[in-house]
Amino acid sequence: MRHRNPSKRINDFKEVALGLTEKQALKEAELCLQCKNPRCVDGCPVEIDIPRFISFVKEKDYLGGLRTIRQYNNLPSICGRVCPQENQCQGKCVKGKRARPVSIGDLERFVADYEILAGEMQTPKVKAPNGHKVAVIGSGPAGLTVAADLARLGYDTTVFEALHEPGGVLIYGIPEFRLPKKIIRREIDYVKSLGVKIRVNWVIGRTQTVNELFREGFKAVFIGVGAGSPRYLGIPGENLNNVYFASEFLTRVNLMNAHRFPEYDTPVKKARRVAVIGAGNVAMDSARTALRLGAEKVYIVYRRTGKEMPSRHEEIENAKEEGIQFHFLSDPREIIGDSKGWARTIRCEKMKLGEPDASGRKKPVPTGKEFSIRADQVIVAVGQRSNPLLVRSVKKLKLWGDGYIVADKNGRTNLKRIFAGGDITTGAATVISAMGVGKRAARAIDSFILGHK
Amino acid sequence: MFKILKKKILAPKVEMMVIDAPFIARNAKVGNFVVLRLNEKGERIPLTIADSSKKNGTITILFQKVGKTTESLGTLKPGDRILDIAGPLGHATPIARYGRCVLVAGGIGGATLYPVIRALKKAKNSISVIMGARSRDFLIWEDRFKKFSDDLYITTDDGSYGRKGLVTDTLKEVISNKPVALVVAVGPVRMMQAVSELTRPHAIKTLVSLNPLMVEGTGMCGSCRVNIAGKTRFACIEGPEFNGHEVDFKELENRLGFYKKEEETAYKLFKRKRQKK
């Protein structure tokens, strides 16, 4: 797939990946062997009939291809852009054993974007209203999927979103240069076109409780509030000025348009030397955002090595191309500030890799050697945890770990009218896995309500 | 969209608004706040719910015009609308029968304290209120405070009304007279710090309501993190009230100055634009 020139793209927030041309898409589709036992489908958390959608592309029936995908996935233009395809469909593609796999993600994006060019939105058939109300809490990937599927089944579905704009992590978390806002808004318009209502500024747990929703006649509630609370290191200096948690840094830019301050009212600090701690997608997004805000040097500081980085492969490549530098085997111990309380240096300990840990990755072990990294801005991107606001407001809801909801693969919790899915049940994971459980939860909610008529 | 129903100027640069927000008023509790955004380009700012009415479906906010957003809010009139308001947010103030309570309000802090005073009075506490202001003109809601307090003390920096001096001078006397079960202080950081330092040796339970910078206000970003007894806490979902004896006020003050430069830039541009008009 084509990418914009790194030296140009780091000066703005426009999308980096340009997508396939029609010619490229046709060529890519020809690569597909149309396997009888397609492995790619096994690798897809929502089991899209990949060979079938690609066969439509071969026939130049791009909208037919899109219709096929939408039977399984309500948000294809998003998944085409943010799925870690190398671990999913493409990772299983038999072609990949000899040469390279078919670029399934790029093709998915191609057919979804084709609809935008074609102009008209394809809306599937929606069943006649069945009169049952379902509430969906959170408008991220899990919530939007549940809502769309239930609306198609005829349910009167309302999504409650705490922020002023729907989309959840797609809006506040993933930067414009990776997933343009207009793409998300279009997908949300699609969900609304199915009859889904979305109420913004509506903080369930505060504005209204889950019990009040039941009292208002909602038959079931789906909780898809994400793991939207930042984890941090707990080291000295983490509350100095110019130390950001990645969630705040990205929210300021993505949701509040702080990169366009003072046209927009929300500011964000621009710094010369920025160190991002962590090596997941959020870390890459933060590093590349800092670069676009004008940083001269941006470092990824990670306690393991390049091999263990959890980020999507394409984003690591993009980050490298853009000049992001990597400090591996470096574990921050303290952020040291100046006399006025602003971050200046990170004191790190050099690590080495030891035995594999519970995650199967080799565990970083301290070496006792210390060194410093100069940075006038530090962005902490070491993962997410459960946000207690809603979860703790629901009495008797069974939780695990530090506040995640216990739910089965169909989203069932220990309370029969409450379903849950996405990061709030699994801990931080991917957009597509949230959508996968969203699909199954919609079916589980449907059978629960119809079984209790 | 949230319609402004009433507006009143309470003091120089301090205004009060009554806003139509039935879904927020319905569950609003003492000590809660809202986050509002004026328009598409606006920032999200937290403001205490100074009063609310379930019956009328309204909330009351007080604000001091100190920067672009609050100045812009001040240009709105009854009938105008605010784009986004989310709430009620934050923990409710724990209301119980404590005994003798002393409430210390510094400047606009009175907005936060008023519902607390009313609720504590209703819970049959004996209430002493100390209000501090720069001068008589800056004193807000004296009548409301009087109504719910057993003793009301007023201090002004310039002595134009009440006693000349700081709230802590008066507090020192008030706590030495009779035993005090609870002190609640809301106002500028330095004032809350001074109050906490004063009550610490007496081991008087002291609540302060913190006002760190916030972005979304629902525990997602960590902008509002404060250091409480050496631990990082999020004021938006774990506060905004904390034990004053455990707050790292120095860090709070430092973090409040994080965007000073940007705040000044935005304010300057705003004033220039208004002058042109």
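Residues numbered from 1 in each chain as written. Chains lettered and ligands numbered in written order. Predicted model: local features only at pLDDT ≥ 70, side-chain atom pairs only at ≥ 80, totals over all residues. Heavy atoms only, no water.

## So, helix α2 (residues 22-31) of chain A
All names here are of chain A.
Part 1: Within α2, the full set of buried residues consists of A25, L26, E28 and A29. Projected onto a plane normal to the axis of α2, the buried residues spread over an arc of 165° and lie on a single side. The exposed residues of α2 that point more than 90 degrees off its buried face are K23, K27 and E30.
Part 2: At its buried positions, α2 is contacted by α4 (50-58), α5 (62-70) and α9 (104-118). (Buried < 20%, exposed > 50% of the residue type's maximum accessible area, 1.4 Å probe, protein only. Helix = DSSP H or I, 4+ residues; strand = E, 2+ residues; numbered from the N terminus. Arc of directions from axis to C-beta. Contact = heavy atoms within 4.5 Å.)

## A few points about the pattern of salt bridges
Residues and elements named next belong to chain A.
Part 1: Applying the stated criterion across every chain, the model contains 49 salt bridges over all chains.
Part 2: In this structure, R272 engages E296 in a salt bridge whose closest nitrogen and oxygen atoms are separated by 3.6 Å. Of this pair, R272 sits in the loop between α14 (246-255) and β9 (273-277) while E296 sits in the loop between α15 (281-292) and β10 (297-301), and the two are 24 residues apart along the sequence.
Part 3: On the accessibility criterion, R272 (54% relative accessible area) is exposed. (Salt bridge = Lys/Arg side-chain N within 4 Å of Asp/Glu carboxyl O.)

## Some points on the sheet that holds strand β5 (residues 197-199) of chain A
Pairing between sheet strands relies on hydrogen bonds along the backbone, with the strands arranged either parallel or antiparallel.
Residues and elements named next belong to chain A.
Part 1: In spatial order, the strands read β5-β4-β3-β6-β19; together these 5 strands make up an open sheet with parallel pairing. Single-partner strands in this sheet number two, and they are β5 and β19 (418-420). Between one strand axis and the next, the sheet turns through 25° on average, direction left out of account.
Part 2: Relative to β19, strand β6 (residues 218-223) runs parallel, the two being bridged by 3 bridges. Bridging from a neighbouring strand, V221 pairs with I418 of β19. (Pairing = 2+ DSSP bridges. Axes fitted to C-alpha atoms, helices over the stretch in contact; angles between N-to-C directions.)

## Describing the sheet that holds strand β14 (residues 205-209) of chain B
All names here are of chain B.
Part 1: One open sheet accounts for 7 strands, arranged β12-β11-β10-β9-β13-β14-β17; its pairing is mixed. Of all the strands in the sheet, just β12 (163-164) and β17 (241-243) have a single pairing partner and so form its edges.
Part 2: Here 4 bridges tie strand β13 (residues 182-186) to β14, and the two strands are oriented parallel to one another. Bridge pairing in β14 links V183 to T206.
Part 3: Of the strands in this sheet, β9 (100-106), β13 and β14 are in contact with helix α6 (residues 189-199), which crosses β13 at around 165°.

## Topic: the domain arrangement of chain A
Accessible area lost on assembly of the parts is the figure often given for the size of an interface.
Residue and element names in this part refer to chain A.
Part 1: Looking at the assigned domains, one finds that chain A contains domain 1 (2-118), domain 2 (133-228 + 387-450) and domain 3 (234-380).
Part 2: A separation of 31 Å is found between the C-alpha centroids of domain 1 and domain 3.
Part 3: Counting the surface lost from both domain 1 and domain 3, the interface buries some 1100 Å², and carbon and sulfur atoms represent 51% of this.
Part 4: Three residues stand out in domain 1 for area buried against domain 3, namely R9, I10 and F13, and they jointly supply 51% of the buried area on that side.
Part 5: Applying the counting criterion to the domain 1 and domain 3 interface returns 2 salt bridges.
Part 6: Note that R9 is salt-bridged to E321, the shortest N-O span being 3.1 Å.
Part 7: Where domain 1 touches domain 3, the interface holds 9 residue pairs in polar contact (both at pLDDT 80 or more). (Domains from an automatic or database assignment. Buried area = accessible area lost by both parts, 1.4 Å probe. Polar contact = N/O pair within 3.5 Å; in protein donor to acceptor, adjacent residues only side chain to side chain.)

## Description of the interface of chain A and chain B
Part 1: Taken together, the 46 residues of chain A in the interface contact 43 residues of chain B.
Part 2: For the pairing of chain A and chain B, the buried interface totals around 3900 Å² over both sides, and the portion due to carbon and sulfur atoms is 52%.
Part 3: When the buried area of chain A at its contact with chain B is split by residue, A:R206, A:N239 and A:D265 rank highest and sum to 19% of it.
Part 4: Here chain A is connected to chain B by 4 salt bridges.
Part 5: A salt bridge links B:K68 to A:D265; the shortest N-O distance between them is 2.6 Å.
Part 6: Between the two partners, chain A and chain B, sit 25 residue pairs in polar contact (both at pLDDT 80 or more).
Part 7: Residues that form the side of chain A that touches chain B fall into these classes: 20 nonpolar, 14 polar and 12 charged. (Nonpolar A, V, L, I, M, F, W, Y, C, P; charged D, E, K, R; others polar.)

## Quick look at the pairing of β6(A)
Residues in a regular strand project their side chains so that they alternate between the two faces of the sheet.
All names here are of chain A.
Part 1: Most of β6 sits out of view: 5 of its 6 residues are buried.
Part 2: Pairing geometry for strand β3 (residues 133-137) and β6, over 5 bridges, is parallel. For K133, the partnering residue across the bridge sits in β6 and is F218.

## Topic: the domain arrangement of chain B
Residue and element names in this part refer to chain B.
Part 1: What the domain assignment reports for chain B is domain 1 (2-89) and domain 2 (100-256).
Part 2: Here domain 1 and domain 2 have C-alpha centroids that lie 21 Å from each other.
Part 3: In this complex, domain 1 contributes 19 residues to the contact, which on the side of domain 2 involves 21 residues.
Part 4: Here domain 1 and domain 2 share an interface that buries about 1700 Å² over both sides, 67% of which is from carbon and sulfur atoms.
Part 5: The interface formed by domain 1 and domain 2 contains 2 salt bridges.
Part 6: With its nearest N and O atoms 3.0 Å apart, the salt bridge here joins D51 to R118.

## Examining the packing of helix α5 (residues 167-177) of chain B against α6(B)
All names here are of chain B.
Part 1: Where α5 meets α6, the closest approach of the two axes is 10 Å, and the angle between their N-to-C directions is 25°. One finds that α5 runs roughly parallel with respect to α6. Every pair of crossing elements has a handedness; the one defined by α5 and α6 is right-handed. On α6, the residues touching V167, T168, L171, K172 and I175 of α5 are M191, A194, V195, L198 and T199.
Part 2: Among the residues forming the contact of α5 with α6, the class breakdown is 7 nonpolar, 2 polar and 1 charged. (Parallel < 35°, antiparallel > 145°, perpendicular 65-115°, else oblique. Left-handed = near helix turned anticlockwise from the far one by under 90°.)

## A closer look at the nonpolar core
Part 1: Counting 73 residues, the largest nonpolar core has A:I50, A:F53, A:I54 and A:I445 as the members making the most contacts within it.
Part 2: Residue contacts for A:I54: discarding those within four places in its chain leaves A:A29, A:C32, A:Q34, A:V102, A:I104 and A:L107.
Part 3: Ranked by size, the runner-up nonpolar core spans 53 residues in total, among them B:A86, B:L89, B:V183 and B:A235. (Core = buried A, V, L, I, M, F, W, Y, C linked by side-chain atoms within 4.5 Å.)

## Observations regarding the environment of B:D51
Residues and elements named next belong to chain B.
Part 1: Among the structural elements, D51 can be located in strand β5 (residues 51-53).
Part 2: Residue class for D51 comes out buried when judged on its relative accessible area of 15%.
Part 3: Residues D51 and A25, spaced 26 residues apart in sequence, show a C-alpha to C-alpha distance of 9.0 Å.
Part 4: Polar contacts involving the side chain of D51 include one to the side chain of R144, which spans 3.4 Å.

## Looking at the side chain of B:S149
All names here are of chain B.
Part 1: Mapped onto the elements of the fold, S149 is located in the loop between α4 (142-148) and β11 (151-156).
Part 2: You can call S149 buried: its relative accessible area is 13%.
Part 3: A polar contact is formed between the side chain of S149 and the backbone oxygen of F145, at a distance of 2.8 Å.
Part 4: Those residues within four positions of S149 in sequence are excluded, and the remaining contacts are I127 and V129.

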